[in-house]
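# An overview of the molecular structure
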Amino acid sequence: MNDIRNIVILTGAGISAESGLRTFRAEDGLWEDHPVEEVATPQGFRRDPDLVQRFYDERRSGILAAQPNPAHDALARLDRAWDGELLIVTQNIDDLHERAGAARVLHMHGEGLSAWCTVCDARHSWTGTLRDNPPCPSCGQAALRPDIVWFGEMPYRMDEIFAALSRADLFVSIGTSGAVYPAAGFVQGAKEAGAATLELNLERSQGSHWFDETRLGPASMLVPQWVEDLLTAAK
């Protein structure tokens, strides 16, 4: 562990599931309620903006009602304690990492508590509804949409992510399906850069064979133990 200096952590829906937020791909997941094409594509938004706004209004309400769990708390502890580089790249649109106290967080798929104006490109913190087409606080136009990366759109800040992966000594994936690219390919990029790789997941992901080690179990148990072991070894 003494040769680990720079860490990149990828988190997915599984880390927030224990906080009561439904995942998208489980048997009872959100995609069971709505086809992806209806609520998570630009075409779906153009076709039925009211449906899409209602879908994300519900997600926003769920985020506000949820609380960080021990996995979020443990990563926040690591963020505070780790002297080297650390980046938590999350596929999640919730703010539970931040509410737990983590600061080095990058939301590659956008944020549920943010609204994006498609006219002036401004982004605003948002906790209310978007269904009634409120005006943008910056330009006054009624052109706000969820600040979410939909299928067919480019995830945010990819240059920063790839740069961090190129410097990583350790890449850790937590609670992800390994089914959605480009995030599913991060482990390969990290390995090519010489990083050790670890998967913490409830079950083996589609990309488990790429990892040096996979540990299975609830995130709320696996992540605090891993953080404790890492910080103890780094002393």
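Residues numbered from 1 in each chain as written. Predicted model: local features only at pLDDT ≥ 70, side-chain atom pairs only at ≥ 80, totals over all residues. Heavy atoms only, no water.

### Some points on the UniProt feature "active site" (unreviewed entry) in the protein
- This chain's UniProt record puts "active site" (unreviewed entry) on His109.
- With respect to the helices and strands, the residue His109 is situated in the loop between β3 (105-107) and β4 (110-117).
- Ignoring anything within four residues of it in the chain, the contact list for His109 reads Thr90, Gln91, Ile93, Asp147, Ile148, Val149 and Pro155.
- At 3.3 Å, the side chain of His109 and the backbone oxygen of Gln91 are in polar contact. (UniProt positions renumbered as here; feature names shortened; annotations may be inferred. Helix = DSSP H or I, 4+ residues; strand = E, 2+ residues; numbered from the N terminus. Contact = heavy atoms within 4.5 Å. Polar contact = N/O pair within 3.5 Å; in protein donor to acceptor, adjacent residues only side chain to side chain.)

### Here's the deal with the sheet that holds strand β7 (residues 170-174)
- With parallel pairing, the six strands of this open sheet are ordered in space as β3-β2-β1-β7-β8-β9. At either margin of the open sheet sits one strand with a lone partner, and together these are β3 and β9 (213-216). Taking each pair of neighbouring strands and ignoring which way they run, the sheet shows an average axis angle of 15°.
- Pairing of β7 with strand β8 (residues 196-201) involves five bridges; the strand directions are parallel. Bridged to Ile174 within β8 is Leu200.
- Contacting β1 (7-11), β7, β8 and β9, helix α9 (residues 219-234) crosses the sheet at an angle of about 150° to β8. (Pairing = 2+ DSSP bridges. Axes fitted to C-alpha atoms, helices over the stretch in contact; angles between N-to-C directions.)

### Description of α9
- In a regular helix each residue adds 1.5 Å, so 16 residues correspond to 22 Å; α9 covers 22 Å between its end C-alpha atoms and thus fits that length.
- Buried residues along α9 sit in contact with β1, α1 (13-17), α5 (70-81), β7, β8 and β9. (Expected span 1.5 Å × (residues − 1).)

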